[in-house]
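One-letter residues, chain by chain:
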Amino acid sequence: MDKLIVEGGYPLSGTIAISGSKNASLPILAASILTDEPVRISRVPDVSDTNYMLQILSQLGASVERSSGTVRVASPDGISSSASYDQVRKMRASICLLGPLMARMHRCTLPLPGGCLIGDRPVDLHLRGIQALGARVRVKGGNMLIEAPNGLVGTTVDMRGDSGPTVLGTDNLMMAAVLARGTTVIESAAREPEVVDLANFLNAMGARVEGAGSRTITVHGVERLHGCDYTVIPDRIEAGTFMVAAALISKGVTLTRVCREHMKAITDLLLECGHTVEFTEDGETVFVKPGEHPKSGKILTNPYPGYPTDMQAQMTALFAVTPGISVVKDTIFPQRFMHCAELKRMGANIKVDNGTAIITGVEGLSGAPVMASDLRASAALVLAALAAEGTTEISRLYHIDRGYEMLDEKLTALGAHVKRIRELDTGSENSAAH
Ligand code: UD1
């Protein structure tokens, strides 16, 4: 279990490049098994979640090669339709194999994912989607046994759940529908950029997906898909995390390989709070620096294009040292406030009640030993540590390694004083990741 030691108080400056999106890469890698021809995917971030996905694909029988951000996957006939609990438990997003396996094999056995620290994480909407296409679902021994002996047949499905649309549920239905007979209409689809990226990847393989990025996606089933070359979009959450770091403690930081359109909710909030955010004309580079008179703010997380739940913890770290009272309400994962208790150990003044954090800004934080609890919560702790006085020791770093490529190297390049302590313990093997 690696630890990160952060010596706080050193303002960041300089330029770094944002990596490819983890959340776009996972379903795209899963979708690569929809064809027996090789696919080449570039800018896949080298993080533990993408590595878990590649391990699962190779255990299913695909051949996988990875070199400097480019992954080549070939899935000949005869791949397996069953993934074991041991493979899948490490990453909840492995649920996105459901759609491709059903499309290609018309059956699959996948362990039912458990909950995780940020909530219950049900899969009812994924199952609603696949059942609507004609599949039968049984649960036995902790596994979902799903089959459609006569193949999948297109229909209209409304994917709205109590907490709004589902990202991976939309992805699964889209992937299942590309090889189904007839047309599938997905109503109340998630509109996240990662869903659009998956649709673009599927279309590059010969699928006929229309309307991704809107509330209604139409998929006209085709006979077969072919190989392709594809580059994943920039990681908007990694970009947002560094934008918040720059607003928190910097002399100005430039991020390249970003997509302005995807960053709107985060940009708007940073501007409202008085910070400087300037994009170049092409929208692919952004400069961020702290405002002279930062203001408190309010966040209500919402599905895209609303403010992302994956960026509320990092902004909470910024609010912790911003004068005034800030409010963060997470409507998507109301239990996602584990970072607040750790931030309080660093001197933050935060009250959490009923899915809402009320943060009263303090003059400064002080370094402390803290524990990462989930991916974005750990990012918040790193940000707080950069601004804190003294040394912070962040343990359970495997949470952050799930989704941030070369975080310590990138922070060091910006002038932060961070050091990774490697320890030969396999704590990550025992954690249910989200
Ligand atoms: C994806 C992201 C995750 C992000 C989340 C919300 C990936 C790999 N992960 O997760 O980082 O935090 O979107 O933006 O892309 N729900 C149900 N039933 C279901 C499925 C979901 O009730 O069958 C609920 C969830 O509990 C949650 C809401 O729907 O309240 C949205 O979850 P969902 O969009 O499905 O999250 P993921 O796709 O798993």
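Draft legend 1. Molecular detail of the overall build of the protein chain. For the protein chain, the count of helices and strands is 14 helices and 23 strands. For the protein chain, the C-alpha radius of gyration of 21 Å lies close to 22 Å, the compact-globule estimate for 434 residues. Principal axes of the C-alpha set define a box for the protein chain whose edges measure 65 × 45 × 40 Å. By residue count, 57% of the 434 residues in the protein chain fall in the buried class. Sequence separation of 24 or more characterises 73% of the internal contacts of the protein chain that already satisfy a separation of 6 or more. For the protein chain, the exposed area adds up to about 16,800 Å²; of that, 48% sits on carbon and sulfur atoms.

Draft legend 2. View of the sheet that holds strand β10 (residues 183-187). If you walk across this open sheet you meet the four strands as β9-β10-β12-β11, and the pairing is mixed. Each end of this open sheet is capped by a strand with a single partner; those strands are β9 (156-158) and β11 (208-210). Strand-to-strand twist across the sheet, computed as the mean angle between neighbouring axes with direction ignored, equals 15°. Direction of pairing for β9 relative to β10: parallel, over a ladder of three bridges. Bridge pairing in β10 links D158 to E187.

Draft legend 3. Representation of the sheet that holds strand β7 (residues 136-140) within the structure. Pairing in this open sheet of three strands is antiparallel, and the strands run β6-β8-β7 from one edge to the other. Each of the sheet's edge strands pairs with one partner strand only, and the pair in question is β6 (107-111) and β7. Between one strand axis and the next, the sheet turns by 20° as a mean value, whatever way the strands run. Of the strand pairs in this sheet, β7 and strand β8 (residues 143-147) are connected by five bridges, and their pairing is antiparallel. Bridge assignment links K140 to a residue of β8, and that residue is N143. Seen against the sheet, helix α4 (residues 98-105) touches β6 and β8 and runs at an angle of roughly 155° to β6.

Draft legend 4. Examining the pairing of strand β1 (residues 3-7) more closely. Burial along β1 is one-sided: L4 and V6 are buried, and none of K3, I5 and E7, which face the opposite way, are. The sheet contact formed by β1 and strand β23 (residues 417-421) spans five bridges and is antiparallel. Bridging across to β23, I5 finds its partner in K419. With four bridges joining them, β1 and strand β22 (residues 391-395) adopt antiparallel strand pairing. Looking across to β22, one finds that V6 is bridged to T392.

Draft legend 5. Spatial organisation of the nonpolar core. If you look at the biggest cluster of nonpolar residues, it comprises 72 residues, and the most contacted ones within it are M174, F201 and L202. Core analysis: the second largest hydrophobic core is formed by 69 residues, V253, L270, A313 and V418 among them.

Draft legend 6. Layout of the site of the ligand. Neighbouring the ligand are 20 residues; D124, L125, T166, D310 and I332 lie closest to it. Contact distances for the ligand include 2.8 Å between an oxygen atom and a backbone N or O atom of V167. Its free accessible area being 740 Å², the ligand has 90% of it covered by the protein chains. Among the elements of the structure, α5 (124-132) and α6 (167-177) are those that each provide at least two residues to the shell around the ligand. For the shell around the ligand, the element with the most residues is α5, which contributes three residues. Along the lines of polarity and charge, the residues of the shell around the ligand split into nine nonpolar, six polar and five charged.

Draft legend 7. Examining the environment of V39 more closely. You can see V39 is positioned in strand β3 (residues 39-42). Using a relative accessible area of 1% as the deciding quantity, one classes V39 as buried. The sequence separation of V39 and V71 amounts to 32 residues, and the corresponding C-alpha distance is 8.2 Å. Residues contacting V39, with those up to four places away along its chain left out, are S32, V71, R72, V73, F201, M205, G227 and C228.

Draft legend 8. Molecular detail of the pattern of salt bridges. Counted according to the given criterion, the structure contains 18 salt bridges. Residues R104 and D77 are paired through a salt bridge, measuring 3.1 Å at the closest nitrogen-oxygen approach. Note that R104 is positioned in helix α4 and D77 in the loop between β5 (70-74) and α3 (85-88), a separation of 27 residues in sequence. A relative accessible area of 19% means that R104 is categorised as buried. Using a relative accessible area of 64% as the deciding quantity, one classes D77 as exposed. Connected through salt bridges with shared partners, the residues D2, D401, D408, R420 and R422 form a single ionic network.

Basis of the calculations
- Residues numbered from 1 in each chain as written.
- Predicted model: local features only at pLDDT ≥ 70, side-chain atom pairs only at ≥ 80, totals over all residues.
- Heavy atoms only, no water.
- Helix = DSSP H or I, 4+ residues; strand = E, 2+ residues; numbered from the N terminus.
- Rg over C-alpha atoms; globule rule 2.2 N^0.38 Å.
- Buried < 20%, exposed > 50% of the residue type's maximum accessible area, 1.4 Å probe, protein only.
- Contact = heavy atoms within 4.5 Å.
- Areas by Shrake-Rupley, 256 points an atom, 1.4 Å probe, with all protein chains shown as cover.
- Pairing = 2+ DSSP bridges.
- Axes fitted to C-alpha atoms, helices over the stretch in contact; angles between N-to-C directions.
- Core = buried A, V, L, I, M, F, W, Y, C linked by side-chain atoms within 4.5 Å.
- Near = heavy atom within 4 Å.
- Polar contact = N/O pair within 3.5 Å; in protein donor to acceptor, adjacent residues only side chain to side chain.
- Nonpolar A, V, L, I, M, F, W, Y, C, P; charged D, E, K, R; others polar.
- Salt bridge = Lys/Arg side-chain N within 4 Å of Asp/Glu carboxyl O.

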